[in-house]
Structure formats: structure tokens, C-alpha cells
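Chains, contacts and geometry: an overview
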Amino acid sequence: MVDTNQIWKYLEEVSDPEIPVLTVNDLGIVRNVSIEGGLCKVTITPTYSGCPAMKRIEDDIIEKLKDKGIENVKVDLVLSPAWTTDWITENGRQKLLEYGIAPPQDEVDKSVLFAEPTNVPCPKCSSSNTRMISQFGSTACKAHYQCNECMEPYDYFKCLK
Amino acid sequence: MSKALFEYVLRLGDDSLILGQRLSEWCGHGPILEEDIATTNIALDLIGQATTLLEYAAHLEGKKRSADELAFLRIDREYKNLLLVEQENGDFGKTIMRQFLFDAYRKLLFEKLLSSSDEHLAAIAEKSLKETKYHLKHSSEWVIRLGDGTEESHERVQDSLNELWRYTGELFFEDEVDTELKGSGVIPDVSDIQDKWNELVMNVLAEATLTIPNDNWQFDGGRVGKHSEHLGYLLSVMQYMQRAYPNMEW
């Protein structure tokens, strides 16, 4: 019988369907793994309430564990404590950068009312001379930026705390 | 208690659902690509919140009605959303003004619900608050940009404020449902939120060089199922697939 450490290792092979370079562990959405009486329970939390990837991630976890010979799997969804970008691992941040998505800066964009938007260095040329195009991007978790130096348009994984 | 809580959660869920549906009407029609994406992203957050809230409502009701059935198979008088959120999109300025008035209320409400004695409601508030902060930032910046923009944008967004202001009194509507839940610490006292809402809204409107209308007439009724003419049309579009093809899924 496998133990929970082994399950965590298997979960390393489940990636986010929207950002395939990140595993569910990198994202920090797996909150707990337990095995009780032959039932393997994986607890996950959504990044955003309406994130359409959650159902897919749930199915992918069940399928992956089934491939590994674990038939009796249940995926639970919890809302609290609410996910924060702080839970994205160092490794995950590095992978995002290499993939061309600027990882979350460690501050929430506080400009709810009138401050400058967060400065986000360009993932391609590292310049800090960049600008926010839109607070909302290709998915709920991203904002849209452009580099003023190399002109690269890029996604910013926006900070959520 | 659980009957009052069901009613309350349904009200919040319907606010999210109906506004999410309204905003999704902008999909493919935004004035610029970035705003097309922004309004639909916000719609997605709201529909996500509606799912969580209506799932909880379905659980509280305990009649084996699913969240989907609550969303798609009620008639207009059974929806308990605010009149504000069902108002038509109008131009982009009106959509933004409606969103701003709502976001300011929602953010303040969720902040208070964090300390709700109902753990699940507090968890939903915790999750949704983070998203709502982004929505408020977006809508308040646009109100300022349009209000303090060109003569044309100022006039349009002022007209929208004049039209929508009469639906803001209802944000602070209270009846026996609220009284019961307040007593047990499930929900905050609405007056706490109202003062802060006034302050926040007035600050942004001042920055935007907009003024609230003199006419202080206020509508209510949404919370008890008495809606404006616009809800029926919205529902006929939203419910069409479930009515035409019962139990369909994709």
C-alpha cells in the first residue's frame, strides 16, 4: 500500500491545464493528502472562484492516481483558508518566468484607489521599464503587461493575498 | 435559522448570478479588447461565486434541489437579487457605474462576513473578497477616467449615475431575514456597511467630478422577488437551454 509521501510524488505529474509548466504542487493548491481505510483523499482549493480548470484538475488527479494503481480516490474542494499566490513554490515561480509569464510580485496591487500599478519586470529581457495594459488577462489569474524596452507583451500572474 | 440563512445566501448568490449573466453579454462586444476580457473575467468570478453560494443554498434548503436547478429553473418572482444588478448594460459607462456601486457594497459586505458565526459563509467571503478587491479597483478607476474624461464621457457616466442611484438604497435593505441572522452573529449590521459605502462612493465620485442626483426616490423589491421588467428578459436568455432541453449538460 502506498503512503501519503508517494501520493505527493504522483501529484508532481499532474499539471495545471491552463499553465502546463506548473504542477498542482507548484501552484500550492493541494492542501492535504490522507489515506484512511483504503480511501485516498486529496484536498484542493481553487485559485479563483470561477476558475474553469478546477473540474479538470480534479479529474486529472483521479485519473493520474488510477494510472498508478490507486482506485479509491476522492478529491475534496475547500475554500478556507483561501488560496494565495504566496503558496506558489520557488520552483514554480522559476518555471513561470522561464515559460514567459512574470511570477507574482510580493505585493497586492493596492491601487484600489489611485496608486501606481505594481512594477513587474519583463520575463524576457528583465527590464523594469514595463507597463500594465490591463488588470485582466487571458485567464482569471493573470494581468496583461508590455515591456517598454523590448516591446514583449506578456502575462503577469497577479498577486492574490 | 437555516431557513433565514437559506434565504440570505440565495440573495447573495442571485446577485452574483444575475450580474455575472449581465456582464457576460459584453463578451465579444467590449469597447476595446482589454475591456472585453476584463468584463468577462469579472463575469467568470461572479458566476464562480454564484456557484459556491447556490451550492450552499441548495445544501441549506435540504430539498435535493441542486445549485443548477436553483440557477436555471426558478421563475422571476423567486429570484432575490438586487434590482441594481438586473438593470440593462446600456453603454460601457452605465455598465461600469453599475459595477462600481455594486463592487463597493460587495467588498464592504464580504469584509464583514469574514467574521460571520457561520463558518461556511465566512469561507465563501474570504475567497470572494480577494476577487472583489480587483473588481472594485477596475470599476472605480474607470468611473474616474470616464467622469473626469471628455465632455461626452462625463455626460454619459453622469446620466448613468442619475439613472442607477435610485437602486442603491436597496443595497441596505433589511427585513426579518436580516434581523434573525444579525441576532445570531451570522451577518453584520447593515448600518456599518452603509456609512463606509457612502464614504467610499463619495470619494470616488468627487475624484470623477460626478454628483449624485437630487432626486432621492429609491426603489426596492428585489430582495423579496419584486423585480423590474428587465429580469424576465434576462432569464429567458439564461434559462433557454435548460427549458428547451431539460437536464442537458456540457
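These numbers come from a predicted model, not from an experiment. (Residues numbered from 1 in each chain as written. Chains lettered and ligands numbered in written order. Predicted model: local features only at pLDDT ≥ 70, side-chain atom pairs only at ≥ 80, totals over all residues.)

Examining the overall build of chain A
Secondary structure assignment for chain A yields 4 helices and 7 strands. Written out in order from the N terminus, the α and β elements of chain A read α-α-β-β-α-β-α-β-β-β-β. Seen through its C-alpha atoms, chain A measures out along the principal axes to roughly 55 × 30 × 25 Å. Out of the 161 residues in chain A, the part that is buried amounts to 35%. In chain A, the proportion of contacts linking residues at least 24 apart, taken out of those at least 6 apart, comes to 53%. (Helix = DSSP H or I, 4+ residues; strand = E, 2+ residues; numbered from the N terminus. Buried ≥ 20, exposed ≤ 12 C-beta atoms within 10 Å, placed from the backbone. Contact = placed C-beta atoms within 7 Å.)

So, the environment of B:L121
Residues and elements named next belong to chain B. Within the element layout of this structure, L121 appears in helix α6 (residues 119–147). Spatially, the C-alpha atoms of L121 and Q49 are 12 Å apart, while their sequence positions differ by 72 residues. In contact with L121, not counting residues within four places along its chain, are V9, L113, S116 and V186.

Describing the interface of chain A and chain B
The partner chain B presents 23 residues to the 18 residues of chain A that form the contact. Here the side of chain A that touches chain B is composed, by residue class, of 10 nonpolar, 8 polar and no charged. (Nonpolar A, V, L, I, M, F, W, Y, C, P; charged D, E, K, R; others polar.)

With respect to the domain arrangement of chain A
By a frequent convention, interface size equals the accessible area lost on bringing the separate parts together. Residues and elements named next belong to chain A. Entries for chain A in the domain assignment read domain 1 (4–83) and domain 2 (95–157). The gap between the C-alpha centroids of domain 1 and domain 2 is 28 Å. On the domain 2 side, the residues contacting the 9 residues of domain 1 number 7 residues. For the side of domain 1 that touches domain 2, the class distribution of residues is 5 nonpolar, 2 polar and 2 charged. (Domains from an automatic or database assignment.)

Describing the pairing of strand β7 (residues 153–157) of chain A
Residue and element names in this part refer to chain A. For β7, a buried count of 4 out of 5 residues is recorded, marking the element as mostly surrounded by other parts of the structure. With 2 bridges connecting them, strand β4 (residues 101–102) and β7 associate as parallel partners. Looking across to β7, one finds that I101 is bridged to D155. Here strand β6 (residues 142–147) pairs with β7 via 5 bridges, running antiparallel. Residue pairing across strands places A143 opposite Y156, the latter belonging to β7. Hairpin connection from β6 to β7: 5 residues lie between these consecutive antiparallel strands, with M151 at a positive phi of about 70 degrees. (Pairing = 2+ DSSP bridges.)

As for the nonpolar core
B:V9, B:A57, B:L101, B:A104 and B:V143 are the most contacted members of the largest nonpolar core, which has 108 residues in total. If one sorts the elements of this core by residue count, helix α2 (residues 33–61) of chain B sits on top with 14 residues. For this core, the two domains that each supply at least three residues are domain 1 (4–83) and domain 2 (95–157) of chain A. Each residue touching B:A104, except ones within four places of it in the same chain, is listed here: B:L136, B:W197, B:L200 and B:V201. (Core = buried A, V, L, I, M, F, W, Y, C linked by C-beta atoms within 7 Å.)

Some remarks on the sheet that holds strand β5 (residues 130–134) of chain A
Strand order in the open sheet formed by 4 strands is β4-β7-β6-β5 (chain A), and the pairing between neighbours is mixed. The outermost strands of the open sheet, each flanked by one partner alone, are β4 and β5 of chain A.

Remarks on the pairing of strand β3 (residues 73–77) of chain A
Residue and element names in this part refer to chain A. The pairing of strand β2 (residues 39–44) with β3 spans 5 bridges and is classified as parallel. Bridged to C40 within β3 is V73. Handedness of the crossover is the feature at issue here: the chain leaves β2, passes through helix α3 (residues 53–67), returns alongside β3, and the resulting connection is right-handed. (Right-handed = clockwise from strand over helix to strand, strands pointing away.)

Examining helix α9 (residues 190–207) of chain B
All names here are of chain B. Given a rise of 1.5 Å per residue, 18 residues ought to cover 26 Å, and the 26 Å separating the end C-alpha atoms of α9 matches this to within 8%. Among all positions of α9, only I193, W197, L200, V201, V204 and L205 are buried. All buried residues of α9 fall inside an arc of 125 degrees around its axis, so they share one side. Turned more than 90 degrees from where α9 packs its buried face, S191, D195, E199, M202 and A206 sit exposed. On its buried face, α9 is in contact with α5 (92–113) and α6. (Expected span 1.5 Å × (residues − 1). Arc of directions from axis to C-beta.)

Observations regarding the environment of B:V224
Residues and elements named next belong to chain B. Within the element layout of this structure, V224 appears in the loop between α9 and α10 (230–238). Taking the number of C-beta atoms within 10 Å as the measure of exposure, V224 has 14 and is therefore partly exposed. Taking the C-alpha atoms as reference points, V224 and N198, separated by 26 residues in sequence, lie 24 Å from one another.

Here we look at the environment of A:R93
Residue and element names in this part refer to chain A. Within the element layout of this structure, R93 appears in helix α4 (residues 90–99). Classification of R93 as partly exposed rests on a count of 18 C-beta atoms within 10 Å. Along the chain, R93 and N129 lie 36 residues apart, while their C-alpha atoms are 21 Å from each other. Beyond its immediate stretch of four places on either side in the chain, R93 contacts I88 and P103.

What about the packing of α5(B) against helix α7 (residues 151–164) of chain B?
Residue and element names in this part refer to chain B. One way to put it is that α5 packs onto α7 with a least axis distance of 9 Å and a crossing angle of 50 degrees. The angle between the axes of α5 and α7 places the two elements in the oblique class. The two elements α5 and α7 cross, and the hand of that crossing is right-handed. Residues G93, K94, M97, R98 and L101 of α5 touch α7, and the partners they reach there are S153, R156, V157, S160, L161 and L164. When the residues that make up the contact of α5 with α7 are grouped by side-chain class, the tally is 5 nonpolar, 3 polar and 3 charged. (Axes fitted to C-alpha atoms, helices over the stretch in contact; angles between N-to-C directions. Parallel < 35°, antiparallel > 145°, perpendicular 65-115°, else oblique. Left-handed = near helix turned anticlockwise from the far one by under 90°.)

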